[in-house]
Amino acid sequence: STDAPASSPPALPLPADVAAMAAEARTRLNGLPQVDYQATLSAKLRIAREVFRRAGDDALLCAAFLEWESAQEEWLLPYSVFCALRDTFGHAEHWRWGDLAAPTMDRLRAMAALHPRAGGAGGEGAPLEPSPVAREASFWRWLQWQLHLQLGAAARYATSRRVVLKGDLPIGVDKGSVDTWVHPELFRMDKRTGAPPDAFDPNGQNWGFPTYNWEAMSRDGYAWWRRRLAGLSQYFSAYRIDHILGFFRIWEMPEGTTTGLLGRFRPSVPLWRDELEAQGVWDFDRLCEPFITEELVEEVFGEELAPLVMGVTEDVGHGRLRLVSGLHTEELICEVLGAGCEEGALRAERKGGCGYSASA
């Protein structure tokens, strides 16, 4: 390392062996009949880690990097620690991370400290070695810096050539993401997003994303969305918001669903009991409970699978069946039925979806 940080980002020319590694990966991956996204990501990360390792402390002492890192701390620090913990635990289900499931910024700063001292945060004790999580988190901050520089340069070049770049903004975020880890109050974590049954898919769509808690977001003027849009505006002149209708209403399912059949629009206008009765509707169980009959089971699942389904239902009279106690979600039903669940869904799809809706 140097006595004083550099005033501009250090050049990172690829050493000959690393350049050869990149060339080999490019040739191999470009020669595939279709894009292998996982292999491509793995190759790029392997090369980036090698460049970072060789750059050493200089990679993190650049004055421009330190200034950018400080300005972006609100999202960059949680993101880098999240990535490090995700790889440490081997999964992104942060609600299973024990006492790390509810982080604070002070806790994150302590975990990411590259120059910790005995005595904890603010301690005056002897210097300690950074933890493996801190080292790993520093790589992810450096990588975001490199991506920022490269995409920014590409955007400026496009602008100089009178080319407009349009960015993509998906409406949802994954349940196992840094956003839901740091700001769970902004999401309905026990719900899932999707699309209702239609001609494209009679079982509907279940994307697995939590829906937004718009009431909570409104309390600070939708700051989370403002930060997200401001970040994209550094590189793009326009946005494509995937499923922009989700700002006005979204198809929402309960946790534990595997299809889009059990959802409803949120927000939506409810139907009241007296309104239904005025239209001659009286069998409210038919509307609110799974409608299962032996005939439907045989029609949807066929002779081979019907006995399996019958084994998880019980007779309630009037030719109706109900699921046995404990099977109250689609996920639990599929766990019991195994391959029969998928086969039933395919059969129902061919029949228009109504049969599987009843069995689920």
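Residues numbered from 1 in each chain as written. Predicted model: local features only at pLDDT ≥ 70, side-chain atom pairs only at ≥ 80, totals over all residues. Heavy atoms only, no water.

Things to note about a nonpolar patch on the surface
We count it as follows: Patch members must show over 30% relative accessible area and no salt bridge, and they are joined within 9 Å when carrying like charges or within 5 Å when they are nonpolar side chains of Val, Leu, Ile, Met, Phe, Trp or Tyr. To be clear on the numbers: accessible area is Shrake-Rupley with a 1.4 Å probe, and residue cover counts the displayed protein chains and nothing else. Basic side-chain nitrogens of Lys or Arg form a salt bridge, by our definition, when they fall within 4 Å of a carboxyl oxygen of Asp or Glu. Under the scheme used here, helices are H or I runs from DSSP no shorter than 4 residues and strands are E runs no shorter than 2 residues, and both carry numbers assigned from the N terminus.
On the surface, a cluster of nonpolar side chains totalling about 390 Å² of accessible area is made up of Ile244, Leu245, Phe247 and Phe248. Looking at the element boundaries, Phe248 is found in the loop between β6 (238-242) and β7 (250-254).

Quick notes on unusual backbone geometry
Trans is the common state for peptide bonds, and a negative phi is the common state for residues other than glycine. Note the cut-off: Burial classes follow relative accessibility: with a 1.4 Å probe on protein chains only, a residue under 20% of its type's maximum area counts as buried, one over 50% as exposed, and anything between as partly exposed.
The amide bond that connects Arg266 to the next residue, Pro267, takes the cis arrangement and shows omega of -5°. Tracing the sequence through the fold places Pro267 in the loop between β8 (264-266) and α11 (273-278). Despite not being glycine, Arg162 shows a phi value in the positive range, around 60°. Tracing the chain through its elements places Arg162 in the loop between α7 (132-160) and β1 (166-170). The residue His243 is not glycine, and still its phi comes out positive at about 70°. The topology assignment puts His243 in the loop between β6 and β7. Residue classification places His243 among the partly exposed positions, given a relative accessible area of 27%.

Some details on the nonpolar core
Applicable threshold: Put simply, a nonpolar core is a bunch of buried Ala, Val, Leu, Ile, Met, Phe, Trp, Tyr and Cys residues held in one set by side-chain atoms that sit within 4.5 Å of each other.
Core analysis: the largest hydrophobic core is formed by 19 residues, its most contacted members being Phe52, Phe65, Phe139, Trp142, Leu143 and Trp145. For this core, the secondary structure elements donating two or more residues are α1 (16-30), α2 (37-55), α3 (58-61), α4 (63-71), α5 (73-89) and α7. The element contributing the most residues to this core is α7, with five residues. Counting 14 residues, the second largest nonpolar core, distinct from the first, contains Val81, Phe82, Met111 and Trp181.

Some thoughts on the side chain of Asp201
The following threshold applies: Nitrogen and oxygen atoms within 3.5 Å of one another constitute a polar contact, given that in protein one can donate a hydrogen and the other can accept it, and given that sequence-neighbouring residues count only through two side-chain atoms.
With respect to the secondary-structure elements, Asp201 resides in the loop between β3 (191-195) and β4 (205-206). In terms of polar contacts, Asp201 uses its side chain to reach the backbone amide nitrogen of Asn203, at 2.9 Å.

Quick notes on the sheet that holds β4
We apply this condition: Two strands make a pair as long as DSSP finds a minimum of two bridges between them.
Pairing in this open sheet of four strands is antiparallel, and the strands run β4-β3-β7-β8 from one edge to the other. Taken across any chain shown, the strands that pair with only one partner, and hence form the sheet edges, are β4 and β8. Here β7 pairs with β8 via three bridges, running antiparallel. The residue of β8 that forms the bridge with Ile250 is Arg266.

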